[in-house]
Structure formats: C-alpha cells, structure tokens
Amino acid sequence: MHFPTAGGPFFRYLRMWHAVAASLVVVAVVAFLVLRPSGGARAVPNSPCRAVDSAREATPATPDLDGDGFVDLVHEISETENFDLFVVPGSEHGPDPDRTTVFAHDDLGVPHDVQTGDDPLQPTVADLDEDGHADLVVSGAAQVLWGGPKGPRVGGAHGRVPLPGSGYSTAPVAGDFDGDSHTDLAVFRDSNEARELVVLRGPFKRSGAPVRTVEIPSPVHEGASPVLVAGDANDDRATDLALYDSPWDPPLLFTGGARTAGGLSKEPERLPEGENVVFGDFDGDGRQDIAIGRSFVDSYDEVDTPHRRGQVSVRYGKEQGKWVTMDGGDFKEGFGARLAVGDFNGDGCDDLAVQLTKKKEAGDARIEVLRGGSEHGLGSKPWRSTKRSVPGDDGPDGGTLFAVHDWDGDGRAELTLLGEDRWWITDGTGRDEASFPVAPSKDQGS
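Residues numbered from 1 in each chain as written. Predicted model: local features only at pLDDT ≥ 70, side-chain atom pairs only at ≥ 80, totals over all residues. Heavy atoms only, no water.

Chemist: Please explain the pairing of strand S27 (residues 414-419) as it appears in this structure.
Modeler: Strand residues, when the strand is regular, have side chains that alternate between the two faces of the sheet. Burial within S27 is extensive, with six of its six residues counted as buried. The alternating pattern of S27 places Glu-414, Thr-416 and Leu-418 and Leu-415, Leu-417 and Gly-419 on opposite faces, both of which are buried. One ladder, built from five bridges, connects strand S26 (residues 400-405) with S27; its direction is antiparallel. For His-405, the partnering residue across the bridge sits in S27 and is Glu-414. As defined by bridge partners, S27 adjoins strand S28 (residues 422-426) across five bridges and the pair is classed as antiparallel. Bridged to Leu-415 within S28 is Thr-426. Linking two consecutive strands that pair antiparallel, namely S27 and S28, is a turn of two residues; a positive phi of about 50° is found at Glu-420 within it. (Buried < 20%, exposed > 50% of the residue type's maximum accessible area, 1.4 Å probe, protein only. Helix = DSSP H or I, 4+ residues; strand = E, 2+ residues; numbered from the N terminus. Pairing = 2+ DSSP bridges.)

Chemist: Just to check I follow, could you spell out the sheet that holds strand S17 (residues 276-280) for this structure?
Modeler: Where strands meet in a sheet, backbone hydrogen bonds hold them as pairs that are either parallel or antiparallel. Pairing within the open sheet is antiparallel, and its four strands lie in the order S17-S18-S19-S20. With one partner strand each, in any of the chains shown, S17 and strand S20 (324-328) form the two edges of the open sheet. When strand polarity is set aside, the average angle formed by the axes of neighbouring strands in this sheet is 20°. Examined bridge by bridge, strand S18 (residues 289-294) and strand S19 (residues 310-315) share five bridges and lie antiparallel to one another. Residue pairing in the sheet places Ala-291 in a bridge with Val-314 of S19. (Axes fitted to C-alpha atoms, helices over the stretch in contact; angles between N-to-C directions.)

Chemist: Can you help me understand the environment of Thr-213 in this one?
Modeler: Mapped onto the fold, Thr-213 is located in strand S12 (residues 212-217). Once the C-alpha coordinates of Thr-213 and Arg-201 are considered, the two residues, twelve residues apart in sequence, prove to be 6.4 Å apart. Leave out the neighbours within four places in its chain, and Thr-213 touches Pro-164, Val-198, Val-199 and Leu-200. (Contact = heavy atoms within 4.5 Å.)

Chemist: What is the right way to look at the environment of Phe-402 in this model?
Modeler: Inspection of the secondary structure puts Phe-402 in strand S26. Through-space distance from the C-alpha of Phe-402 to that of Leu-339 is 9.4 Å; in sequence the pair is 63 residues apart.

Chemist: What exactly am I supposed to notice about the sheet that holds strand S5 (residues 124-126) here?
Modeler: A sheet is described by the order of its strands in space; here four strands give the open sequence S5-S6-S7-S8, paired in antiparallel fashion. With one partner strand each, in any of the chains shown, S5 and strand S8 (158-160) form the two edges of the open sheet. On average, each strand axis in the sheet is inclined to that of its neighbour by 25°, with strand direction left out of account. Note that strand S6 (residues 135-138) and strand S7 (residues 143-145) share three bridges and pair antiparallel. Residue pairing across strands places Leu-136 opposite Leu-145, the latter belonging to S7.

Chemist: Sorry, what's going on with the pattern of salt bridges here?
Modeler: As a working rule, side chains carrying opposite charge can pair if their charged atoms are close by. Scanning the model with the defined rule gives 14 salt bridges in all. Ionic contacts of the salt-bridge type, sharing partners, join the residues Asp-129, Asp-131 and Arg-206 into one network. (Salt bridge = Lys/Arg side-chain N within 4 Å of Asp/Glu carboxyl O.)

Chemist: Looking at this structure, I do not really get the pairing of strand S23 (residues 366-370). What am I missing?
Modeler: S23 sits mainly inside the fold: five of its five residues count as buried. What you see with S23 is no split at all: Arg-366, Glu-368 and Leu-370 on one side and Ile-367 and Val-369 on the other are buried throughout. Of the pairings in the sheet, the one linking strand S22 (residues 351-356) to S23 comprises five bridges and is antiparallel in character. Paired with Val-354 across the bridge in S23 is Glu-368.

Chemist: When you look at the environment of Ala-142 in this model, what are you seeing that I'm missing?
Modeler: With respect to the element layout, Ala-142 can be found in the loop between S6 and S7. With 26 residues separating them in the primary sequence, Ala-142 and Tyr-168 have C-alpha atoms 8.7 Å apart.

Chemist: So what exactly am I meant to see when it comes to the confidence of the model for the protein here?
Modeler: Segments scoring low in pLDDT should not have their predicted coordinates read at a detailed level. Predicted confidence across the protein gives a mean pLDDT of 78, with 74% of residues reaching 70 or more. Across the protein, the secondary-structure element scoring lowest on mean pLDDT is strand S1 (residues 32-36), at 25, and the one scoring highest is strand S15 (residues 252-254), at 97. Predicted confidence is poor over residues 1-44, with pLDDT under 50, and the contacts of this stretch with residues over four places away or in other chains come to 147 contacts. This stretch, residues 52-61, has a pLDDT under 50; its non-local contacts, to residues over four places away or in other chains, come to 15 contacts. (pLDDT = per-residue confidence, 0-100.)

Structure, rendered in structure tokens:
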C-alpha cells in the first residue's frame with residue numbers, strides 16, 4: 001500500500017520561497033526554456049520494466065479528490081498570518097486552472113491561533129474515515145476537509161485531527177504504519193513544551209479523532225525540524241517513515257509493522273548523510289528502493305558550497321545492505337538538492353528527478369531525470385536536463401521542483417515546477433505540457 005506524503009520530496013515544502021510565497025501578487029511574465037538534449041538511459045534487454053497503457057489502470061491516481069481518475073493539483077499558500085488552499089482539478093489535458101477552487105482561511109475552519117508557514121505546501125490526501133472518498137488534511141492545524149463523490153466542497157463537512165499541544169508547522173503524513181490496513185497519520189511536534197514524533201492511528205471519526213494517539217520522544221537533536229516521508233522500504237506492506245533535512249542528524253528510517261504502540265520500530269536506522277529522501281521502484285522488481293540526495297549546498301546559502309559535486313545514494317530493495325552512490329552535475333552545482341519520483345517514459349519502472357542548484361535561495365534550479373530500468377536500476381549518463389525561468393529584479397528566477405504525477409492520465413509522469421507566480425508542467429524531457437499562474441484570476445474559485 002502506498003500513500004502520498006506532505007512535506008516530502010515529492011511532497012516537501014519549498015524553503016527557497018519564503019519571501020515569494022508571502023507576497024504572491026506578482027506580475028506574470030513570459031517563461032523561456034533552456035534544454036540540454038541527451039539520449040537518456042534505456043532499459044536493457046530482459047529488463048523487468050513493463051510498459052503500461054495508463055497509469056490510471058496500473059494504480060489509482062493520487063491525489064484524485066473528485067474520483068474522475070485524474071490527479072488534482074492541490075497546494076496551500078500563506079499570504080499573511082492566514083493561508084488559502086487551492087485545488088486545480090485534473091483532466092485529460094492535465095490540471096485545468098479555469099476550474100480552480102479556492103478555500104479561504106475561514107472556509108477551512110482553521111483557528112486563528114494556529115501556526116502557519118509562508119511556504120507553498122502540499123496538503124495530505126488520504127481516506128481517513130474509510131468511506132471510499134479522498135479527504136484533505138490541511139496545514140499544521142491538521143484540519144480535515146471530508147471528501148465526497150465530487151471531492152471536498154467549500155462550506156462542506158470538515159473536522160480537525162486533535163493533535164497534542166502545539167508546535168506543528170506542516171500537515172501530518174499518511175501511511176499504514178502499524179500494518180493493520182487502516183490509514184494512520186504521523187507528524188513532528190516542535191514546541192517549548194515537547195519535541196516529539198506523534199503517530200495517530202486510524203481509522204478516524206468524522207470529528208477527526210483517531211483511535212489512538214502515540215507520542216514518541218524526538219529522535220533528532222534540539223533545533224532540528226525534520227521533514228517526514230512515508231514509503232515501504234522492506235516490502236512488508238506496513239509503511240515505514242523517514243525523517244530528513246536536519247543539519248545535525250543523518251536521515252533516519254523507522255520501520256513500520258513493529259509491535260509498538262505506534263507501529264514504528266523503537267530505534268530508527270541511520271541512513272547515509274543527505275538532505276532529502278524518496279522511495280521508488282527504480283529496477284522494476286516490485287520492491288521500493290530508497291534514494292537520498294546530498295547537494296552540499298547550505299540550506300540558507302550562508303556557507304559557500306564545497307568545491308565538489310553533489311550526489312545521490314540509492315539502496316535497492318533486493319540489496320538491503322548495499323548503497324550505490326552517483327555523483328552528478330558540475331563542481332559546486334548542488335546535484336541532489338531536491339528529489340522526486342515518477343515513471344516519465346511509461347516503461348513500468350520509476351525514474352528519479354534530481355534538482356541542481358548552486359544556491360537554494362537564488363532561483364537557479366535545473367532538473368535532471370535519471371532513467372530507471374537499466375541493468376542495475378537507475379541508468380548512468382547521459383541524462384535529460386530541463387530548466388524553466390522568469391525574469392526577476394536580480395536576474396532570472398528558476399522554477400523549482402514541486403511534485404511529480406501523471407497529470408493527464410497517459411501512463412507517463414510529468415514534472416511540476418514552481419517559479420515566481422507560475423506553474424510549469426513538463427514531460428520530464430523538456431517539453432511543456434502546460435504553464436499557468438499560481439493564483440487564479442479573481443472571477444475563479446469559490
């Protein structure tokens with residue numbers, strides 16, 4: 001069972017947009033493309049990858065709020081102390097901005113004393129009450145918009161997951177951490193009263209209440225605010241939980257399905273050093289692999305990047321004790337700053353999108369796609385590279401990696417990049433599928 005995440009790489013918040021997201025009223029500008037063509041790695045003979053007619057036939061589209069089989073683009077953006085939630089419905093042509101629904105702060109029922117960040121975030125999408133419809137878990141308030149045949153509606157039913165205490169800045173991530181076939185939630189709490197990992201076991205009542213709440217002492221050092229991402233690293237059908245992006249700790253992996261109150265292992269596994277973690281099946285053997293990016297770029301550009309290449313380390317499900325490390329990009333270019341997983345060529349194996357950036361807040365991002373399905377999983381060079389940018393006061397601002405999904409249901413995933421006030425949907429080889437403003441026009445939405 002696989003669940004989408006909030007705050008992870010393809011579901012993590014974008015630190016470099018602190019100033020941009022706080023003032024979204026920006027003049028739309030014309031984007032231009034810089035494409036470095038290359039041949040791409042191909043699947044070898046007898047590769048386990050198998051082409052599929054449609055990703056919607058292979059696995060359910062997520063997040064698909066209205067149940068039409070197409071992925072919807074969902075994101076939160078803070079403007080002041082409040083925030084709006086945008087839902088851009090999917091279609092056979094990808095996200096349709098003309099049908100955007102905007103949930104304002106009051107529509108969401110979020111209390112005014114709840115902490116909100118100023119980054120674009122992806123809410124968590126999961127069926128919490130097991131009625132067959134996808135629900136939305138929004139912001140650090142863990143506000144729930146209950147789904148229905150046409151998805152969550154403005155003025156519709158909502159609840160709130162009762163989180164202990166305060167100190168939550170992102171929505172919980174979803175997974176079946178105890179392996180009982182019910183969706184659970186996990187979130188990191190960082191407050192003066194307590195720093196801990198909180199697991200809420202499902203199923204959830206319509207009020208938002210879980211069956212049980214379990215509080216686990218923080219596994220990371222004081223001052224760290226780790227991002228959570230869910231996946232199945234050991235093929236046991238219970239969801240595992242990775243924590244990453246701490247400057248003082250390596251990424252940590254809690255194994256799910258343990259005989260503990262929260263279903264997670266008592267002690268986490270220390271993974272190789274890096275700043276982000278993703279799960280994907282890169283060799284097509286039906287087991288999820290783990291990839292870790294390490295760009296060597298300082299999170300806030302306060303320290304010069306070492307004169308070396310960035311890298312991605314991969315552990316394949318069939319070789320649990322072995323890590324394969326790949327260097328990429330030019331020296332000091334920050335290969336591995338952000339990762340996302342998707343099957344861009346429809347061959348049945350996941351590919352890995354890797355962001356490169358010399359300065360994380362400078363807007364110079366470029367994306368390279370490493371093809372899955374080679375003899376050993378992710379293929380070697382040449383890789384495909386793409387970049388989107390818009391003019392800015394201090395030079396061009398690049399589109400950064402936000403999410404990967406099969407937006408148009410054609411069996412091949414597309415990249416979603418966010419730059420200034422624009423989305424770009426590109427096919428992973430450099431060709432645009434769509435481009436439109438982040439905020440809809442005033443006559444759209446709710």
